[in-house]
Amino acid sequence: MEITSGPFFTTSTGLIDSIDKKLMVILRDGRKLIGILRSFDQFANLVLQDTIERIYVGNCYGDIPRGVFLIRGENVVLLGEIDLDKEEQINLRQVPVEEILVAQREELEIKERLEKMRSKI
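Reference entry: report on the structure contained in this document.

Remarks on the nonpolar core
Logical step 1: With 10 residues, the main nonpolar core is built from Leu15, Leu23, Val25, Leu27, Leu33, Leu37, Leu46, Leu48, Phe69 and Ile71.
Logical step 2: Sorting the residues of this core by element identifies strand E1 (22-27), strand E2 (32-40), strand E3 (46-57) and strand E4 (60-71) as the ones contributing at least two each.
Logical step 3: For this core, the element with the most residues is E1, which contributes three residues.
Logical step 4: Setting aside residues up to four positions removed in sequence, Leu27 forms contacts with Leu33, Ile71, Asn75, Val76 and Val77.
Logical step 5: Grouped together as the second largest cluster of nonpolar side chains are six residues, Val57, Cys60, Ile64 and Val95 included.

Here it is, written out as structure tokens:
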């Protein structure tokens, strides 16, 4: 979608060009969802099909299949179309879901310990 040509809508109507395209949606709680946009409404509530939740830790990622996903518009922080050609060229290593969940838990524990140490200072 080119911003410089034609009218550009910042309301939910701007999503019409993204129907049937693969999108990444980042939610307020930090989750990253990838799926095909099938529908939306005036509140920017979204329906994604073939949705996966992607978890990144370091240079690795894991995908958790979620299926059809309904997202309330107020929870969307960022939404963008995925370039299918560039998606294959990422320099990240895919690992099994169990492995990425363990790595994510360890990363959270390290952050919590650092935060605890900072609060003592």
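Having seen the model, we can carry on.
Observations regarding unusual backbone geometry
Logical step 1: Look at Ala44: it is not a glycine, yet its phi comes out positive at around 65°.
Logical step 2: Along the chain, Ala44 turns up in the loop between E2 and E3.
Logical step 3: Given the relative accessible area of 24%, Ala44 is considered partly exposed.
Logical step 4: A positive phi angle, near 55°, is found at Asp50, a position not held by glycine.
Logical step 5: Structurally, Asp50 is set in strand E3.

Focus: the sheet that holds E1
Logical step 1: Read from one edge of the open sheet, six strands run E5-E1-E2-E3-E4-E6, paired in mixed fashion. Each end of this open sheet is capped by a strand with a single partner; those strands are strand E5 (76-81) and strand E6 (93-94).
Logical step 2: Bridge analysis of E2 against E3 gives seven bridges, and the strand direction is antiparallel. Note on E3: the bridge partner recorded for Leu37 is Leu48.
Logical step 3: Contacts from helix H2 (residues 97-120) reach E3, E4 and E6 within the one sheet, and its direction differs from that of E3 by about 60°.

How each quantity is defined
- Residues numbered from 1 in each chain as written.
- Predicted model: local features only at pLDDT ≥ 70, side-chain atom pairs only at ≥ 80, totals over all residues.
- Heavy atoms only, no water.
- Core = buried A, V, L, I, M, F, W, Y, C linked by side-chain atoms within 4.5 Å.
- Buried < 20%, exposed > 50% of the residue type's maximum accessible area, 1.4 Å probe, protein only.
- Helix = DSSP H or I, 4+ residues; strand = E, 2+ residues; numbered from the N terminus.
- Contact = heavy atoms within 4.5 Å.
- Pairing = 2+ DSSP bridges.
- Axes fitted to C-alpha atoms, helices over the stretch in contact; angles between N-to-C directions.

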